[in-house]
2 protein chains.
Amino acid sequence: MSLIVQKYGGTSVADLDRIRNVARRVINTKERGDDVVVVVSAMAGETDRLLALAKESAPEPDDREVDVVLATGEQVSSALLSIVLTSMGCKAKSYLGYQIKISTDRAYGKARITSVDADRIFSDLREGLIVVVAGFQGEDEEGNITTLGRGGSDTTAVAIAAALKADICEIFTDVDGVYTTDPNICDGVKKISRISYDEMLEMASMGAKVLQIRSVELAKKAGVPIHVRSSFHENEGTIVCEEDTEMEKALVSGVTYDIGQARVEIAKVPDRPGIAARFFEAISAANIVVDMIIQTSSLEEGYANMAFTISKADFPKALKIAHSLAKELEAQDVIAEQEVAKVSMVGVGMRSHSGVASKMFRALAREGINIKMISTSEIKISCIIDAKYTELAVRSLHEAFDLGKGS
Amino acid sequence: MSLIVQKYGGTSVADLDRIRNVARRVINTKERGDDVVVVVSAMAGETDRLLALAKESAPEPDDREVDVVLATGEQVSSALLSIVLTSMGCKAKSYLGYQIKISTDRAYGKARITSVDADRIFSDLREGLIVVVAGFQGEDEEGNITTLGRGGSDTTAVAIAAALKADICEIFTDVDGVYTTDPNICDGVKKISRISYDEMLEMASMGAKVLQIRSVELAKKAGVPIHVRSSFHENEGTIVCEEDTEMEKALVSGVTYDIGQARVEIAKVPDRPGIAARFFEAISAANIVVDMIIQTSSLEEGYANMAFTISKADFPKALKIAHSLAKELEAQDVIAEQEVAKVSMVGVGMRSHSGVASKMFRALAREGINIKMISTSEIKISCIIDAKYTELAVRSLHEAFDLGKGS
């Protein structure tokens, strides 16, 4: 007998027919003899509707109150699933975040879970109940409702799995699992059967939107294996877990891309100590998150170039700062590019194998794709390229590293 | 400086424009120097929508979970009002039932408030906040969400007013106050400026749907005056309070009617002790609420007639029981009538004045309206008549007792 936490996303509970499907799936698991705790998102579209309502009420609605509004989405779907389970002859009970003491900090709209009290859940499981939990929500120290941000129900599920020491956390979604790259732009992609927490983190932070990043961080910390799978059929999906020997055999696990970036370069800054520090000061004061940052010597001696990437949303703000900094630092030019993309290769195998970077650069060069910036980590290499080459780059890399089916 | 609890019903918060109107009204009160606690219902139609969703999920949805779904209606409207108040420059904070410890019994869907913890509200008021409370909801001893039934937000408001020892509980609604009779069927009706709790209870239980009955009971117990008034203009409405000398001058305060009743008569039962007891046993076993019940001797000696009224919804069940009882008690006939109405006169003045009953019967007789049943209390007389005469009866009585304007 296992203890399983199952999380169903918004598309899986989009209407009552789908909620009934979810209920059948939960009951099947229960009938296999396992204990089941279910975490649900709001019905698809509901969070957007509620957020729009809050924003219609005031252009900058109070953060605390927005969370009170948003939390109702999961409240309704969790109770409806519980109603359906009960009507199918299963004892079930829904809980809101505060009712099982999902404690968070007070960062409304993006709160972090600090603890979960498992006692009430255990007591219900012992009585044979199916426990249904409203995802995405918690309570701060003073009893205010908080929400965890987009994809927050993933984190709820993992946090509960960690608190219960569950055998596995199954994340049911509208995709089959994690793929070697985006199937929408590349043929012959392969589902990855096992992937390490670290690889998943790199992939998630670079645009693979299968799991909320924080849920992976939390799973890694607690050692909870995650099974990402489709709620529409029974096929196995992708297991996210500790790195194991099987994974190390693969040089590269996947190719990801992110077209939401922009690039700014402050060119020919008279080179002296403290340039980078001054730059970070200005940019963090404006609350802008910089992704890549590279400082290079200019061809002309005594000058440096400072290039960085930010999300497209922050581009206007960042450009303004760059111009003001250029003036202050007596730089000669500011180069701005919005049409760039980041293409990345991820894999724990890189740690023990050299040659991944050069193979990547050769593959891009073969297609005549110019690399504008490079950044690397232990298990990842990213390149900034012209956005128009995104699909071509992803396909070439996917092929160059033999990631496809039958490889 | 006063402490005022204001309750706004569903039509008063039906959309964002109306919520803004409510916010302005609340702010006006606050700017007069009063402390304000606001209780809101769900936006008009929302409770019906949520209930339909629960019933679509299962024909007989689990009571506990239905309350979890329904409670979201007030959660949204309370947070939206708080957002609007904050955006207008007022410090405001919304609270759900459990957050201010509105404790109830566990009768899901019709829970009764057992206590309210005023500490958190007082502490916010001291800091100059406007406190907004989601009506209609509470929490039982084990932390389950409960709801208070249709009109439950009235009761929330009165319970909070009682706990805070507020100066007044203002119930804002879509009518101007309590009238001498239903303005929809009678011309020249008059708004009652003051009415006693007892009269209001009698009127509420007989179809005047201005206030939830329990809110009046609670207000009476706690001695909280209620001011029923319109949210669409500034006119004074009706004060519901302790009986005072002014009220006693009026013989009759109002005329009410109820067309939701049906009448069943078991005719010519061989008369012997225990008939009524047997009848009550059978009817209460079926969970049917009987309104009037009258046992009379039949014209033929040795026989009795047993007549009772129930709500139309219970009519089929009651009729079945009547037939089975008739057989058991060897009665000779069962007479069933669905097309009946109850017309009532209410007034504390009846206590000290005789002649109200005979005046009422004369007025009905003058119009040729036959009285099928009569029941009386200290401050009320009700007659069952043919439903088709309802409007005629109400108008005649309203005129006979000079209740109209300019009287």
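Residues numbered from 1 in each chain as written. Chains lettered and ligands numbered in written order. Predicted model: local features only at pLDDT ≥ 70, side-chain atom pairs only at ≥ 80, totals over all residues.

Quick look at the relation of the copies chain A and chain B now. Note on the identical chains: chain A maps onto chain B by a rotation of 179° and an axial translation of 0.0 Å, with an RMSD of 0.1 Å. This pairing of chains is accounted for by a two-fold axis. By C-alpha distance to the rotation axis, the residue of chain A lying nearest is T72(A), at 2.7 Å. (Least-squares fit on C-alpha atoms with pLDDT ≥ 70 in both.)

So, about the sheet that holds strand 10 (residues 194-196) of chain A. Residue and element names in this part refer to chain A. Spatially, 3-6-2-1-9-11-12-10 is the arrangement adopted by the eight strands of the open sheet, whose pairing is mixed. Both outer strands of the open sheet, strand 3 (92-95) and strand 10, are each paired with one neighbouring strand and no more. Averaged over neighbouring strand pairs, the angle between their axes works out to 20° when direction is ignored. One ladder, built from three bridges, connects strand 11 (residues 226-230) with strand 12 (residues 238-241); its direction is antiparallel. Directly across from I226, in strand 12, lies its bridge partner V240. Contacts between helix 4 (residues 119-126) and the sheet are confined to strand 2 (35-40), strand 3 and strand 6 (130-134), with strand 6 contributing the most and set at about 150° to the helix. (Pairing = 2+ DSSP bridges. Helix = DSSP H or I, 4+ residues; strand = E, 2+ residues; numbered from the N terminus. Axes fitted to C-alpha atoms, helices over the stretch in contact; angles between N-to-C directions. Contact = placed C-beta atoms within 7 Å.)

Between the first and last C-alpha of helix 5 (residues 152-164) of chain A there are 18 Å, a value that for 13 residues agrees with the 18 Å anticipated at 1.5 Å per step. After helix 5 of chain A finishes, the residue K165(A) shows a positive phi value of roughly 50°. (Expected span 1.5 Å × (residues − 1).)

Residue and element names in this part refer to chain B. Pairing is antiparallel in the open sheet, where four strands are placed in the order 13-18-20-19. Of all strands in the sheet, those bounded by a partner on one side alone are strand 13 (254-258) and strand 19 (373-377). In this sheet, adjacent strand axes meet at a mean angle of 20° when their direction is disregarded. Relative to strand 20 (residues 380-386), strand 19 runs antiparallel, the two being bridged by five bridges. The residue of strand 20 that forms the bridge with I374 is C383. Lying on the sheet, helix 11 (residues 356-366) is in contact with strand 18 (340-346), strand 19 and strand 20; it crosses strand 20 at an angle near 20°. Along the sheet face, helix 12 (residues 390-400) touches strand 13, strand 18 and strand 20 and points at about 15° away from the line of strand 18.

Interfaces are frequently sized by the accessible area removed from exposure as the parts join. Of the residues lining the interface, 24 residues belong to chain A; the matching set on chain B comes to 24 residues. Only helix 2 (46-57) and helix 3 (63-87) of chain A provide two or more residues apiece to the side of chain A that touches chain B. If one sorts the elements of the side of chain A that touches chain B by residue count, helix 3 of chain A sits on top with 13 residues.

Below, the discussion takes up the packing of helix 1 (residues 16-31) of chain A against helix 3 of chain A. For any two helices packed against each other, one specifies the crossing angle of their axes together with the interaxial distance. Residue and element names in this part refer to chain A. As a packed pair, helix 1 and helix 3 sit with axes 9 Å apart at the nearest point and diverge in direction by 60°. Classified by the interaxial angle, the pair formed by helix 1 and helix 3 is oblique. Where helix 1 crosses over helix 3, the two elements pack in a sense that is right-handed. Taking contact as the criterion, the partners of I19, R20, V22, A23 and V26 in helix 1 are, on helix 3, L80, L81, V84 and L85. A class-by-class count of the residues in the contact of helix 1 with helix 3 yields eight nonpolar, no polar and one charged. (Parallel < 35°, antiparallel > 145°, perpendicular 65-115°, else oblique. Left-handed = near helix turned anticlockwise from the far one by under 90°. Nonpolar A, V, L, I, M, F, W, Y, C, P; charged D, E, K, R; others polar.)

Between helix 2 of chain A and helix 3 (residues 63-87) of chain B, the shortest axis-to-axis distance is 9 Å and the interhelical angle comes to 30°. As summarised for this structure, helix 2 of chain A and helix 3 of chain B are arranged roughly parallel, according to the angle between their axes. As for the relative orientation of helix 2 of chain A and helix 3 of chain B, their crossing is right-handed in sense. Residues L53(A), A54(A) and S57(A) of helix 2 of chain A pack against L80(B), I83(B) and V84(B) of helix 3 of chain B. Broken down by class, the residue content of the contact of helix 2 of chain A with helix 3 of chain B amounts to five nonpolar, one polar and no charged.

Right, let's talk about the confidence of the model for chain A for a bit. Looking at chain A, the pLDDT average stands at 92 and 98% of residues meet or exceed 70. For this predicted complex, the interface confidence score (ipTM) comes to 0.84, while the overall pTM stands at 0.86. (pLDDT = per-residue confidence, 0-100.)

Next up on the list: the pairing of strand 11 (residues 226-230) of chain B. Pairing geometry for strand 9 (residues 168-173) of chain B and strand 11 of chain B, over five bridges, is parallel. Looking at the pairing, F172(B) lines up with R229(B) of strand 11 of chain B.

Turning our attention to helix 2 (residues 46-57) of chain B. Side chains of residues three or four places apart in an α-helix project in the same direction, reflecting 3.6 residues per turn. Residues and elements named next belong to chain B. Between its first and last C-alpha, helix 2 extends 17 Å over twelve residues, near the 16 Å set by a 1.5 Å rise per residue. Inspection of helix 2 places T47, L50, A54 and S57 among the buried residues, and these make up the whole buried set. Down the axis of helix 2, the sector holding all buried residues measures 85°, keeping them to one side. Facing away from the buried side of helix 2 by over 90 degrees, the exposed positions are D48, R49 and A52. (Buried ≥ 20, exposed ≤ 12 C-beta atoms within 10 Å, placed from the backbone. Arc of directions from axis to C-beta.)

All names here are of chain B. The buried count for strand 20 comes to six of seven residues, which makes it a mostly enclosed element. In the sheet, strand 18 pairs with strand 20 via seven bridges, with the strands oriented antiparallel. Bridged to A341 within strand 20 is I385. What sits between strand 19 and strand 20 in their antiparallel hairpin is a turn of two residues.

Now for the environment of Y257(A). Take Y257(A): it is sitting in strand 13 (residues 254-258). Along the chain, Y257(A) and T181(A) lie 76 residues apart, while their C-alpha atoms are 8.5 Å from each other.

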